[in-house]
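Chain and residue survey
One-letter residues, chain by chain:
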Amino acid sequence: IRGNTRTRDYVIRREFDLGEGDAYNRALIDRAERRLKNLNYFKNVKITNEPGSAPDRVVVNVNVEEQATGEFSVSGGYSTADGLIGEVSVADRNLMGRGNYGKASFTYGERVRGFDLSFVEPFLFGYRMAGGIDVFARQNLASNYVSYDSQTVGTNLRLGFALTEEIAFQPRYTFYQQKITLPTQYNNCQFSNFAPATGLAPGTGVTPQAEAAGLDTQVAANGPFGGCYADGEASLAVRKELAAGAVNVSLIGYTLSYNTLDNNRLPTSGIFAELRQDFAGVGG
């Protein structure tokens, strides 16, 4: 193996389905060359042969040319819902030359902020099976389009392994917790003269008695709290979610992909197709 100044030898060797002493197989050599190109660690990959130490032996030379695998990006924009937004992202698809993928991104804006951390080990436990984990958090503040603040924190676990050389299966599991809160201007109508309803914490606003009396629509005009709707008010549905507290969401899903591309980055032949499904409500 020549030319790998940063990438470890074993990262290249593990892409071969044969080792020293095995019978020479040109099809397996071509397959390894295709895999090495698709790693996107190298500008060029060339596998050549030369005579070995005996007539029945051959030397396989792997010549690679390293390329930069790190990425750093700064982006910004404007959204009518979230205002000004900025994001900083750092990633490396060949972390420390060990073939791992790592990424960290941070978002900050007028009404949105959060972070996302990712790590992938492409050969988990020494097998041709990828294992990855993501940790993320996001906060959205109330705006003219959404009357509540929300906080989301979660994680995503995923695996990936080949069923055949062209077909891969990637199961995943996602769990996150979401909590909403109301800014003061959307929560200043308090129906304190009614007994709190079952399931609604005191001070959350609408009770069945108040709703039956039509206070949620009439109070601004002629109710006992006249004028408190002048600056807007959260709906009954939002207040019920607020009373319920944090909500846990659990999902399982999978991706089934078919890939015969000769080069994932600059393909000249082949097909890539995938099917994705997710199912929510598994344990939360």
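Residues numbered from 1 in each chain as written. Predicted model: local features only at pLDDT ≥ 70, side-chain atom pairs only at ≥ 80, totals over all residues. Heavy atoms only, no water.

**Remarks on the packing of aromatic side chains**
Using the following cut-off: We call Phe, Tyr and Trp rings a pair once their centres come within 6.5 Å, taking the six-membered ring for Trp, and we label the pair stacked below 30 degrees between planes, edge-to-face above 60, and tilted otherwise. Think of it in three bands: residues with accessible area under 20% of the maximum for their type are buried, residues over 50% are exposed, and the middle band is partly exposed, with areas taken using a 1.4 Å probe on protein chains only.
The tally for this structure, following the rule as stated, stands at three aromatic pairs. Aromatic pair Y41 and F42: ring centres 6.0 Å apart, planes at 70 degrees, arrangement edge-to-face. Judged by its relative accessible area of 4%, F42 falls in the buried class. Three or more aromatic residues joined by ring pairs form one cluster here, namely F161, F169 and Y254.

**A closer look at the layout of surface pockets**
Our working rule: The method works on a 1 Å grid over the protein atoms by themselves. A cavity is a set of points holding a 1.4 Å probe that cannot get out, a pocket is an open set with protein on both sides within 12 Å along at least five of seven lines, and residues with an atom within 4 Å of a point line them. Grid points are joined across faces, edges and corners, and a volume is the space filled by probe spheres set on the points. The secondary structure listing takes helices from DSSP runs of H or I that are at least 4 residues long and strands from runs of E that are at least 2 residues long, numbered from the N terminus. Gly is placed with the polar residues, together with every amino acid not listed as nonpolar (Ala, Val, Leu, Ile, Met, Phe, Trp, Tyr, Cys and Pro) or charged (Asp, Glu, Lys and Arg).
Here the largest pocket defines a volume of roughly 1,500 Å³. Along the walls of the largest pocket sit 43 residues, with N38, P122, A130, Q170 and N264 positioned nearest its centre. Elements with a contribution of two residues or more to the lining of the largest pocket: α2 (26-38), β5 (100-109), β7 (129-140), β8 (149-162), β9 (167-181), β10 (247-259) and β11 (272-280). Empty space within the second largest pocket amounts to approximately 620 Å³. Contributing to the lining of the second largest pocket are 19 residues, with G19, E20, G21, V58 and V60 lying nearest its centre. Sorting elements by how many residues they give to the lining of the second largest pocket places strand β2 (residues 58-66) first, with four residues. Residue classes in the lining of the second largest pocket are distributed as 10 nonpolar, four polar and five charged.

**Some words on the nonpolar core**
Test applied: Within this scheme, the nonpolar core is defined by two criteria: the residues are buried Ala, Val, Leu, Ile, Met, Phe, Trp, Tyr or Cys, and they are joined through side-chain atoms within 4.5 Å. Note on contacts: a residue pair qualifies if any of its non-hydrogen atoms lie within 4.5 Å across the two residues.
Formed by V11, I12, F16, I29, A32, L36, Y41, F42, V45, I47, V62 and V64, the largest nonpolar core amounts to 12 residues. Looking at this core, the elements that each hand over two or more residues are α1 (9-13), α2, β1 (42-51) and β2. If we ignore the near neighbours within four places in the chain, the residues touching I47 are F16, R26, I29, E33, V60, N61 and V62. Residues A142, L182, Y186 and V238 belong to the second largest nonpolar core, which totals six residues.

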